[in-house]
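Structural overview for review
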Amino acid sequence: MLQGKTVVLGVTGSIAAYKIANLASMLVKQHAEVHVIMTENAVNFINPITFETLTNHKCLVDTFDRNFQFHVAHVNLAAQADVMLIAPASADVIGKLAGGIADDMLTTTALACKAPMLIAPAMNTYMYENPILQDNLRKLESCGKEIIEPASGMLACRDIGKGKMPEPEILMQYILRTIAMEKDLAGKRVLVTAGPTREAIDPVRYITNYSTGKMGYAIAQNAMLRGAKVTLVSGPCNILPPMFTEFYPVISAQDMYEAVMERQAESDIVIMTAAVADYRPAQVSEEKIKKKDGELILPLTRTNDILRTLGEKKRSDQFLCGFSMETQNMLENSRAKIRKKNLDMIVANNLKVDGAGFGTDTNVITIITPDSEQELPLMSKAEAAGRILDAIIAS
Ligand code: CTP
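Residues numbered from 1 in each chain as written. Predicted model: local features only at pLDDT ≥ 70, side-chain atom pairs only at ≥ 80, totals over all residues. Heavy atoms only, no water.

Once that is clear, we can look at the site of the ligand. What surrounds the ligand is a group of 16 residues, the closest being A274, D278, L307, K337 and K341. Take D278: an N or O atom from its side chain is 2.8 Å from an oxygen atom of the ligand. At 3.0 Å, a backbone N or O of F323 approaches an oxygen atom of the ligand. The fraction of the free accessible surface of the ligand (570 Å²) that becomes covered by protein chains is 78%. Among the secondary structure elements, those contributing two or more residues to the shell around the ligand are α11 (306–313) and β18 (319–326). Per-element accounting of the shell around the ligand gives the leading share, 4 residues, to β18. Here the shell around the ligand is composed, by residue class, of 8 nonpolar, 4 polar and 4 charged. (Near = heavy atom within 4 Å. Polar contact = N/O pair within 3.5 Å; in protein donor to acceptor, adjacent residues only side chain to side chain. Areas by Shrake-Rupley, 256 points an atom, 1.4 Å probe, with all protein chains shown as cover. Helix = DSSP H or I, 4+ residues; strand = E, 2+ residues; numbered from the N terminus. Nonpolar A, V, L, I, M, F, W, Y, C, P; charged D, E, K, R; others polar.)

As enumerated under the stated definition, the model contains 2 aromatic pairs in all. Taking 4.9 Å as the distance between ring centres and 80 degrees as the angle between the ring planes, the aromatic pair formed by Y174 and F244 counts as edge-to-face. Taken as a pair, Y174 in helix α8 (residues 168–179) and F244 in the loop between β11 (229–234) and β12 (246–249) lie far apart in primary sequence, 70 residues in all. Where Y217 meets F247, the ring centres are 6.4 Å apart and the plane angle is 70 degrees; that geometry is what we call edge-to-face. Pair noted here: Y217 is in helix α9 (residues 214–225) and F247 is in strand β12, with a separation of 30 residues, a long-range link. Overall, Y217 belongs to the buried group, its relative accessible area being 6%. If you follow R177 out to its NZ or CZ, it ends over the ring of F244, 3.8 Å from the centre. (Phe/Tyr/Trp six-rings, centres within 6.5 Å; stacked < 30°, edge-to-face > 60°. Buried < 20%, exposed > 50% of the residue type's maximum accessible area, 1.4 Å probe, protein only. Lys NZ or Arg CZ within 6 Å of the ring centre and 35° of its normal.)

Given below as structure tokens:
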């Protein structure tokens, strides 16, 4: 995902420095070029050799270190960077950055760097809450730097409070959001539904389906990385919602209907991946549930067709995409749904093909519009999400 991108990591003297080794490794696995610059204090917490081994680049510590790779090391590195992340950022380095002080390799590079800069403060709670530090953060923010809010928890000094550096996985998401994709959905509001719905039979039992939400979550993530403002309305799933999206958990088809209708008017693109059941158990008292030959007959009632209502309410400048799962006559049935529900696109899965449909990490999809169809080979759901959004942007 980060092929051809250069990430400069600035590591300062805080115990959380050791966690950046993990981040460096994760970035390298995503094919980024990673350069690490450490303050002299950071070297007390983690050895530069760790970073050199992981990144295959010399870890820069001192401004006057002789370095063969760069003519004027700090300026060159600053120019190469697609993003610079300073994590953990100590109070001291934050003070220097806010004051324009450049007295070592890290701060000189930061001052010369025009790429987006992310700063993850990590320190004792009282230091973090100090108005001087807060002022410095505001100043950096007003200069366009992004401050990554520290997490709360037990700190290395055993105090409990705010000041922990967020985990490397979270820092990774900030980096991905900043540089992973071109922002071709900037300014667009994208509403995605995902997952199954759960329809109560009684207070104990429910009906649901095999949807895991993976396809919808991948679309939400991809749209977010492309700069969209994403709202994800999701039935019960066991996966974490993508960061930087607004998340609305729902349970039943009716909950989903209400959540979606509340938000549809303000959305530019609506993508309905959720596996909403067409029927739910009717709400009748237990005595009224008929039994025939000892078998329970569960009375069913239709759920509101969310996609169809979205089609009816669709603004002329709004794009509406549905999904269809078919076992036969996939193209004909999907085309009929486009017309019936006033859609701009339907993404069809043939449930009979290996690697397609519920639960898997892959999918085999056909992207159908009123006048085109594009059959795609087996690919990851993340990749399929990208192709669906490409098709939406192109149409
Ligand atoms: N859908 C919906 N509300 C429902 C049922 C389905 O919004 N109550 C949406 C699904 O999220 C999907 C699309 O409609 O995007 C197609 O779902 P599908 O079950 O394939 O189509 P139906 O119109 O229900 O037709 P059928 O069950 O006859 O195939």
